Amino acid sequence: MAGSKGLVVVIDDDEGNRKSIEMALRKDGYGVRSFASGPQGLEYLKENGADLLVTDLRMPGMDGLEVLKVAKLHDPGLAVLVITGFGSVESAVDAMKQGADDYLQKPVNLVELRKRVAAAVEKRRLAQEVRQLRERLEEKFSFGTIIGASRAMQQVLHQLSLVAPTRSSVLIIGESGTGKELIANALHQNSPRKEFRFLPINCAAIPADILESELFGHERGAFTGAVQRKAGKFELADRGTLFLDEIGELPLALQAKLLRGLEDRSFMRVGGTETITVDVRIIAATNSNLEARVAAGTFRNDLYYRLKVLTIEIPPLRERPEDVPLLARRFFESFKAENSRPNLQVSPEVIEVLTQARWEGNVRELRNLIESLVILAGGDTKVITLEHLPENYRTPPPAPVAPRPETGQPRTMEEIEKEAILKTLEQTGGNRTRAADLLGIGLRTLQRKLREYEQAQGEGRPASDSHPGED
Ligand SMILES: Nc1ncnc2c1ncn2[C@@H]1O[C@H](COP(=O)(O)OP(=O)(O)OP(=O)(O)O)[C@@H](O)[C@H]1O
Ligand SMILES: [Mg+2]
């Protein structure tokens, strides 16, 4: 079937040339459309697109370089092969700079032409395939705008899909910049409440005395300056979702009031006597250790237990390096579009180096970095390379104390514990009492653990190995 290998548009003002190119390519199975002038060819390209453009450079009226520029503007992925006059290397160089993939000199050697065309079409096909795979990968590993291919994030997304449709309160735990607000938003957007409001309130950012009225509203005259009745977030979020960010900072008195609101869905405005009932879903987030706050007496035990029933824990980015390339590419694409730099590329080494960075500021830091890389890349920068990275990202981080296994999967607590025990024993030269002391565990616990490791190892081995006496 003619054309099954791809569509080639040929533009050449010389009829003889045009026809022989057309015939040669048709024989190879390409669909070919040929035109005697640039504007005609471009019109066709704009309407129908093509896999490859073969264009002569020297033509009356619109020359090939101009054709190339316009065609690329329209479809940056279009493969282009230019034909230059004999000996005019400079124009070939110009064309390559403008994005041509290859060039041929006149007189056109048809065998060579067919080879180059095949290579260019193949290159384009591969590029498309890679792009499609990447898009599919992103789709597969994202929940709307949330990206995460790591096992940890896949689990977060799974939890999200189960919890979102319910009315249950959710506690989201994660370091700063890990995406707590993003997840909270996704919980709302994927719930039957999505037509109503999602109201975030940051408990750390609002002074304690104002916070109560912000949350629960106040009656006229409730305090100096309360000139009229005001609804709080609880009322405003009725039938929607209230996102209590930095819940650890909520003052104790308000914790009691919140608990009551959670339990019977009702509360009173500041200075009010009327009980107001609302239908609000509470999502709380924290980057602090609430358990420690409970122990310190600054967070109510009952509220903590009430909130933690459904907990979504987002691991720090450094514990899921396999998410970095996906995130980086997504951010890169969106900042390219935002800053009108559709052709800017990023070198694979950059992605590689970023994958190993510490990311103290987690995903937010990665996002900000990519934004600045795109904005700061000068107009003639085509590819962002290692030199564009700020110094602190270029130097590799010190090796982590406990190296991550090859798989990049987070390790289980048992594995971490085992490693700590074995390392400590190594340090104490096998002295179990001292090792137990250093680890802060009982000697008997240590001995039991060591027996367990031995047993586990025994089970993993062939029988003859575990009974050395049989040799
Ligand atoms: N998995 C992800 N996929 C896509 N974007 C993400 C992801 N995680 C975080 N982001 C983006 O990173 C930025 C920080 O996320 P977010 O504000 O939700 O973090 P946070 O945990 O609430 O931080 P903080 O504790 O500082 O408030 C946002 O721009 C968010 O869209
Ligand atoms: Mg936040």
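Residues numbered from 1 in each chain as written. Chains lettered and ligands numbered in written order. Predicted model: local features only at pLDDT ≥ 70, side-chain atom pairs only at ≥ 80, totals over all residues. Heavy atoms only, no water.

1. Describing unusual backbone geometry
Then, in step 1: A cis amide bond, omega -5°, links Lys-106 with the succeeding residue Pro-107.
Then, in step 2: Tracing the sequence through the fold places Pro-107 in the loop between strand 5 (102–105) and helix 5 (110–140).
Then, in step 3: We note that Trp-359 has phi near 55°; this positive angle belongs to a residue other than glycine.
Then, in step 4: Mapped onto the elements, Trp-359 comes out in the loop between helix 14 (348–355) and helix 15 (362–376).
Then, in step 5: Judged by relative accessible area, which is 1%, Trp-359 ranks as buried.
Then, in step 6: Positive phi outside glycine occurs at Asn-362, with the angle close to 55°.
Then, in step 7: With respect to the helices and strands, the residue Asn-362 is situated in helix 15.
Then, in step 8: Look at Asn-362 and you get buried, because its relative accessible area is 0%. (Helix = DSSP H or I, 4+ residues; strand = E, 2+ residues; numbered from the N terminus. Buried < 20%, exposed > 50% of the residue type's maximum accessible area, 1.4 Å probe, protein only.)

2. Observations concerning the site of ligand 1
Then, in step 1: Around ligand 1, the surrounding shell holds 17 residues, and the nearest of these are Ile-147, Ser-176, Gly-177, Lys-180 and Arg-364.
Then, in step 2: A distance of 2.6 Å separates an oxygen atom of ligand 1 from a polar atom in the side chain of Lys-180.
Then, in step 3: Here an oxygen atom of ligand 1 sits 3.4 Å away from a polar atom, N or O, in the side chain of Arg-367.
Then, in step 4: For ligand 1, the protein covers 84% of the area, taking 630 Å² as the surface of the free molecule.
Then, in step 5: Counting residues per element, the ones that place at least two in the shell around ligand 1 are strand 7 (146–147), helix 7 (180–189), helix 13 (323–338) and helix 15.
Then, in step 6: Counting the residues that make up the shell around ligand 1, at least three belong to each of domain 2 (165–313) and domain 3 (317–394). (Near = heavy atom within 4 Å. Polar contact = N/O pair within 3.5 Å; in protein donor to acceptor, adjacent residues only side chain to side chain. Areas by Shrake-Rupley, 256 points an atom, 1.4 Å probe, with all protein chains shown as cover. Domains from an automatic or database assignment.)

3. Side note on the environment of Val-353
Then, in step 1: Here Val-353 lies in helix 14.
Then, in step 2: Along the primary structure Val-353 and Asn-339 are separated by 14 residues, whereas in three dimensions their C-alpha atoms are 24 Å apart.
Then, in step 3: Those residues in contact with Val-353 that sit more than four places away from it in its chain are Leu-386, Leu-389 and Tyr-393. (Contact = heavy atoms within 4.5 Å.)

4. Regarding the sheet that holds strand 14 (residues 311–313)
Then, in step 1: Pairing is parallel across the open sheet formed by 5 strands, whose spatial order is 9-10-13-8-14. The open sheet has two edge strands with one neighbour each: strand 9 (198–202) and strand 14. Averaged over neighbouring strand pairs, the angle between their axes works out to 20° when direction is ignored.
Then, in step 2: Judged from the 5 bridges that link them, strand 9 and strand 10 (residues 241–245) form a sheet pairing that is parallel. Bridging across to strand 10, Leu-199 finds its partner in Leu-242. (Pairing = 2+ DSSP bridges. Axes fitted to C-alpha atoms, helices over the stretch in contact; angles between N-to-C directions.)

5. Section: the domain arrangement of the protein
When the parts of a complex come together, some accessible area is lost, and that lost area is often used as the size of the interface.
Then, in step 1: On domain assignment, one finds that the protein holds domain 1 (7–131), domain 2 (165–313), domain 3 (317–394) and domain 4 (413–470).
Then, in step 2: For domain 1 versus domain 2, the separation of C-alpha centres amounts to 62 Å.

6. Quick word on the environment of Met-59
Then, in step 1: Topologically, Met-59 is positioned in the loop between strand 3 (52–56) and helix 3 (64–74).
Then, in step 2: Separated by 21 residues in the primary sequence, Met-59 and Gly-38 have C-alpha atoms spaced 8.2 Å apart.
Then, in step 3: If we skip the residues at most four places from it in the chain, Met-59 touches Ile-11, Asp-12, Asp-13, Gly-64 and Val-67.

7. Points about the side chain of His-218
Then, in step 1: Within the element layout of this structure, His-218 appears in the loop between helix 8 (208–216) and helix 9 (233–236).
Then, in step 2: Judged by its relative accessible area of 7%, His-218 is buried.
Then, in step 3: A polar contact of 3.2 Å, which involves the side chain of His-218, links it to the side chain of Ser-213.
Then, in step 4: When residues no more than four places from it in sequence are discounted, the contact partners of His-218 are Ser-213, Phe-223, Ala-226, Gln-228, Arg-229, Lys-230, Arg-269 and Val-270.

8. Some thoughts on the pairing of strand 5
Then, in step 1: The side-chain alternation of strand 5 yields one buried face, formed by Asp-102 and Leu-104, and one unburied face, formed by Tyr-103 and Gln-105.
Then, in step 2: Summarising the sheet, strand 4 (residues 79–84) and strand 5 pair through 4 bridges and their orientation is parallel. Residue pairing for strand 5: Thr-84 is matched across the bridge by Gln-105.
Then, in step 3: Note on the crossover from strand 4 through helix 4 (residues 89–97) to strand 5: the handedness is right-handed. (Right-handed = clockwise from strand over helix to strand, strands pointing away.)

9. So, the nonpolar core
Then, in step 1: In this structure, Leu-215, Phe-234, Leu-242, Leu-244, Ile-247 and Leu-258 are the most contacted members of the largest nonpolar core, which totals 29 residues.
Then, in step 2: Going through the elements one at a time, strand 9, helix 8, strand 10, helix 10 (252–264), strand 13 (281–286), helix 11 (290–296) and helix 12 (301–307) are the ones with two or more residues in this core.
Then, in step 3: The element best represented in this core is helix 10, accounting for 4 residues.
Then, in step 4: When neighbours within four sequence positions are excluded, Phe-234 is seen to be in contact with Leu-215, Phe-216, Leu-242, Leu-258, Phe-267, Val-278, Val-280 and Ile-282.
Then, in step 5: Core analysis: the next-biggest nonpolar cluster, separate from the first, contains 27 residues, Ala-328, Phe-332, Phe-335 and Leu-369 among them. (Core = buried A, V, L, I, M, F, W, Y, C linked by side-chain atoms within 4.5 Å.)

10. With respect to the packing of helix 13 against helix 15
Then, in step 1: It is the contact of helix 13 with helix 15, at a shortest axis distance of 9 Å, that shows an interaxial angle of 40°. Our classification of the angle between helix 13 and helix 15 gives oblique. Between helix 13 and helix 15 the crossing geometry is right-handed. Facing helix 13, whose interface residues are Val-324, Leu-327, Ala-328, Phe-331, Phe-332, Phe-335, Lys-336 and Glu-338, helix 15 presents Val-363, Leu-366, Arg-367, Ile-370, Glu-371 and Val-374.
Then, in step 2: Its residues placed into classes, the contact of helix 13 with helix 15 shows 10 nonpolar, no polar and 4 charged. (Parallel < 35°, antiparallel > 145°, perpendicular 65-115°, else oblique. Left-handed = near helix turned anticlockwise from the far one by under 90°. Nonpolar A, V, L, I, M, F, W, Y, C, P; charged D, E, K, R; others polar.)

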